[in-house]
Amino acid sequence: MTTAPAGGGAAEAGAVDVEAAVLVVGAGPVGLLLAGDLAERGVDVVVADRLSAPMTESRASQLGARTMEVLAQRGVLADFGDELVPEPRGHFAGLSFDASAVPSPYPGHWKVPQFRTEAVLARRALAAGARLLRGHELDELSDDGAGVVARFRTDGGPRTVRAGYAVGCDGGHSTVRSLVGFPVETGPARRELLRADLTGVEVPDRRFQLLERGFAASARRPDGVTRVMVRVAGAPPVTRQGPPSLREIAAAWRTVTGEDIEGAVPLWRDAFDDSWVQAAAYRRGRVLLAGDAAHAHMPVGGQSLNTGLQDAANLGWKLAAQVQGWAPPGLLDSYHDERHPIGRRVLDNVQAQGLLLFGGAETAPVRQVLARVLADPGPRDRIAAWVTGLDVRYDVRRDARGDGPGDDAAAPAPLLGSRVPDLALTCSTGERTAVHALLRDGRGLLLDLAPEPASTAADADGWADRVRTVRATAGSDGAPFASVLVRPDGHVVWTDRTTTPLRTALTDWFGTADPGGPRQH
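The shown structure was predicted, so the numbers you read here are calculated from the model rather than taken from an experiment.

1. Quick look at helix H3 (residues 114–127)
Phase 1 of the analysis: Taking 1.5 Å per residue, 14 residues should reach 20 Å; H3 reaches 20 Å between its end C-alpha atoms and fits that length.
Phase 2 of the analysis: Of the positions making up H3, those classed as buried are Gln114, Arg116, Thr117, Glu118, Val120, Leu121, Ala122, Arg124 and Ala125.
Phase 3 of the analysis: Contacts from the buried residues of H3 go to helix H1 (29–40), strand E3 (62–64), helix H2 (65–73) and helix H6 (303–324).
Phase 4 of the analysis: Gly129 lies just past H3 and shows a positive phi near 115 degrees.

Given below as structure tokens:
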């Protein structure tokens, strides 16, 4: 279904240079994943970014298990080639643990430079029809109730974009968030760390070492680049106008480790602190926030990038449904309802890790206790699922969207709201596949594993353009359901074990049935 550009008069006087259904501000991984999801669903989307060329820095270099599933569902993992390097271990506050036992095809973490992730997602978005405007710095943004108008500064003069909706994916210091006046909650900076990617240096690999004079971490990538991160104990945050010099970073490194890195060649330098910010609401009228624009914190374990990419996966199909006119009431608002608590949870765990990493000698007993806890497979795997996003479970009952009490209001059925297991399947056509691969076309999925054909397939006839119906048998491990309805983002909204009728769940999540729609398999 193709979407026409948003109509309506401009909110302010002046010519409109570009029209689209959705404007995404920010061409980082989050904005590009969102743009690709929208474009693949036929939505006319424009991405605007202040940089004139893609960045070559690698601020975030780690993808978690759930993010890998999200990318696999979109068919882009092969585009990384051999650059995805598995890292089976994770950490909590620098305490290492085995993260490879979690139930995912991609357990643990995967190392890849952020600029490669951006390149892969940009190629996908552009191939699907998204437009990318580089060298566009946002100056003004207004919402007139019928659409948004954005004014940008460019080398060629001001440009105006008119769209039905705008999404700010423009980072922790989001211009979109500021211009629209999103209320925020914040926490102050108490500590600062220095970071750099270097060549021409040889230092031992360090995984979050707490030393007498501070904190140090270093890791050498396969391409020979070494990332160092350092904090001198007791050093306060500094107000900066730019990145720290190599001399400052080298001096701090020498103080903490006794090693000399001043002769290295810096590819990239920055400083960051432990301040945090979260928007009180992720939607304000026709403007939404995702990624660091919605929630920003000290980078620990790649959780910032991964949480942002999972924001985009949650939002994309809902915003497409809204633009295309089939979204049921409350669907777009459920983006905030579902993702704001996840952002808050990440902020809490990052702050806890900061206290344990940098809180001084008084935290040593807590670290020792936690190290013993992480040696136990039960708590270890729970924390591994937590920090990689595998344990996210949304409240998908109707009452959670303010639509009145649902039949499952007392206690949600097993799996309801969780990501669907990636079971091995043999379809009725003989094709061998897995559950996540069946979500590749961007529709929801009604999967029938019953030994005899169930009536569920006929129940979904009117939603064939939005929900794919598949009959299959599961592999030797079996399945925790006979039939399941899965949203396009991979989360379960109905099973045969719920008391809510299937047609009610279909209407709640995929809108009104089309009586004339042919069934697709």
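Text resumes after the structure shown.
2. Looking at the sheet that holds strand E15 (residues 214–220)
Phase 1 of the analysis: Spatially, E14-E15-E16-E13-E17 is the arrangement adopted by the 5 strands of the open sheet, whose pairing is antiparallel. The open sheet is flanked by strand E14 (206–211) and strand E17 (265–273), the only strands paired with a single partner. Taken pair by pair, the neighbouring strands of this sheet meet at an average axis angle of 15 degrees, ignoring direction.
Phase 2 of the analysis: As paired strands, E15 and strand E16 (residues 226–232) are joined by 7 bridges and run antiparallel to one another. Residue Ala216 lies in a different strand from E16, and its bridge partner there is Val230.

3. Quick notes on the nonpolar core
Phase 1 of the analysis: Membership of the largest hydrophobic core comes to 68 residues, with the highest contact counts inside it found for Val22, Leu23 and Val167.
Phase 2 of the analysis: Setting aside chain neighbours within four positions, we find Leu23 in contact with Val46, Ala48, Ala150, Phe152, Val161, Ala163, Tyr165, Ala166 and Val167.

4. Comments concerning the packing of H1 against H3
How two helices sit against one another is set out by the angle between their axes and by the gap between those axes.
Phase 1 of the analysis: Where H1 meets H3, the axes come as close as 8 Å, and the angle between the chain directions of the two elements is 20 degrees. It follows from the interaxial angle that H1 and H3 lie roughly parallel. Here H1 runs over H3; the crossing is left-handed. Taken together, the residues of H3 that come into contact with H1 (itself represented by Pro29, Leu32, Leu33, Ala35, Gly36, Asp37, Ala39 and Glu40) are Gln114, Thr117, Glu118, Leu121, Ala122, Arg124 and Ala125.

5. Focus on the environment of Val85
Phase 1 of the analysis: Mapped onto the secondary structure, Val85 falls in strand E4 (residues 85–87).
Phase 2 of the analysis: According to the relative accessible area criterion, Val85 is partly exposed, its value standing at 34%.
Phase 3 of the analysis: Measuring from C-alpha to C-alpha, the distance between Val85 and His109 comes to 8.5 Å, with 24 residues separating the pair along the chain.
Phase 4 of the analysis: Beyond its immediate chain neighbours, meaning those up to four positions away, Val85 contacts His109, Trp110, Lys111 and Pro222.

6. So, the sheet that holds strand E7 (residues 109–111)
Phase 1 of the analysis: Reading across from one edge, E3-E7-E4 is the order of the 3 strands in this open sheet, with antiparallel pairing throughout. Sheet topology places E3 and E4 at the edges, where each strand pairs with a single neighbour. Between one strand axis and the next, the sheet turns through 30 degrees on average, direction left out of account.
Phase 2 of the analysis: Where H2 meets the sheet, its contacts fall on E3 and E7, and the angle it forms with E3 comes to roughly 85 degrees.

7. Focus: the side chain of Arg151
Phase 1 of the analysis: One can find Arg151 in strand E10 (residues 148–153).
Phase 2 of the analysis: A polar side-chain atom of Arg151 sits 2.7 Å from a polar atom in the side chain of Thr160.

8. Notes on the environment of Val373
Phase 1 of the analysis: Turning to its location among the elements, Val373 is positioned in helix H8 (residues 364–374).
Phase 2 of the analysis: Separated by 48 residues in the primary sequence, Val373 and Pro421 place their C-alpha atoms 27 Å from one another.
Phase 3 of the analysis: Excluding anything up to four places from it in sequence, Val373 contacts Pro379 and Arg380.

9. Considerations on the packing of aromatic side chains
Phase 1 of the analysis: Enumeration according to the criterion identifies 7 aromatic pairs in this entry.
Phase 2 of the analysis: Ring centres of Tyr106 and Trp110 lie 6.4 Å apart, and the angle between their planes is 75 degrees; on these two criteria the pair is classed as edge-to-face.
Phase 3 of the analysis: Tyr106 gets classed as partly exposed once you look at its relative accessible area, which sits at 22%.
Phase 4 of the analysis: Trp110 gets classed as buried once you look at its relative accessible area, which sits at 16%.
Phase 5 of the analysis: On the numbers, 6.1 Å between centres and 35 degrees between planes, the contact of Trp317 with Phe510 is tilted. Within this pair, whereas Trp317 is found in helix H6, its partner Phe510 is found in helix H11 (residues 502–510), the two being separated by 193 residues in sequence.
Phase 6 of the analysis: Taking relative accessible area as the criterion, Phe510 reaches 0% and is therefore assigned buried.

10. Describing the packing of H6 against helix H7 (residues 334–358)
Phase 1 of the analysis: Closest axis-to-axis distance for the H6/H7 pair is 10 Å, and the angle between their directions is 175 degrees. The orientation of H6 with respect to H7, classified from their angle, is roughly antiparallel. Mapping the contact onto sequence places Gln303, Thr307, Gln310, Asp311, Asn314, Leu315 and Lys318 in H6 and Ser334, Tyr335, Glu338, Arg339, Val346, Asn349, Val350 and Gln353 in H7.
Phase 2 of the analysis: Looking at the contact of H6 with H7, its residues break down into 4 nonpolar, 7 polar and 4 charged.

11. Some thoughts on the confidence of the model for the protein
Phase 1 of the analysis: Looking at the protein, the pLDDT average stands at 90 and 92% of residues meet or exceed 70.
Phase 2 of the analysis: Confidence over residues 1–13 falls short of pLDDT 50; this stretch has 38 contacts with residues more than four positions distant or in other chains.
Phase 3 of the analysis: Below pLDDT 50 for its whole length, residues 517–521 participates in 13 contacts with residues either more than four positions away or in separate chains.

12. Description of the pattern of salt bridges
Phase 1 of the analysis: Going through the model one piece at a time under the given rule, you end up with 38 salt bridges.
Phase 2 of the analysis: Across the salt bridge formed by Arg221 and Asp197, the nearest N and O atoms sit 3.6 Å from each other. Here Asp197 lies in strand E13 (residues 192–199) and Arg221 lies in the loop between E15 and E16, a separation of 24 residues in the sequence.
Phase 3 of the analysis: You can call Arg221 partly exposed: its relative accessible area is 22%.
Phase 4 of the analysis: Among the residues examined, Asp197 registers a relative accessible area of 4% and is labelled buried.
Phase 5 of the analysis: Residue Asp391 is joined to Arg345 by a salt bridge in which the shortest nitrogen-to-oxygen separation is 3.0 Å. Taken together, the positions of Asp391 in the loop between helix H9 (377–388) and strand E22 (424–427) and Arg345 in helix H7 put the pair 46 residues apart, joining distant regions of the chain.
Phase 6 of the analysis: A residue is classified by how much of its surface remains accessible, and Asp391, at 24% relative accessible area, is partly exposed.

Definitions and limits used
Residues numbered from 1 in each chain as written. Predicted model: local features only at pLDDT ≥ 70, side-chain atom pairs only at ≥ 80, totals over all residues. Heavy atoms only, no water. Helix = DSSP H or I, 4+ residues; strand = E, 2+ residues; numbered from the N terminus. Expected span 1.5 Å × (residues − 1). Buried < 20%, exposed > 50% of the residue type's maximum accessible area, 1.4 Å probe, protein only. Contact = heavy atoms within 4.5 Å. Pairing = 2+ DSSP bridges. Axes fitted to C-alpha atoms, helices over the stretch in contact; angles between N-to-C directions. Core = buried A, V, L, I, M, F, W, Y, C linked by side-chain atoms within 4.5 Å. Parallel < 35°, antiparallel > 145°, perpendicular 65-115°, else oblique. Left-handed = near helix turned anticlockwise from the far one by under 90°. Polar contact = N/O pair within 3.5 Å; in protein donor to acceptor, adjacent residues only side chain to side chain. Phe/Tyr/Trp six-rings, centres within 6.5 Å; stacked < 30°, edge-to-face > 60°. Nonpolar A, V, L, I, M, F, W, Y, C, P; charged D, E, K, R; others polar. pLDDT = per-residue confidence, 0-100. Salt bridge = Lys/Arg side-chain N within 4 Å of Asp/Glu carboxyl O.

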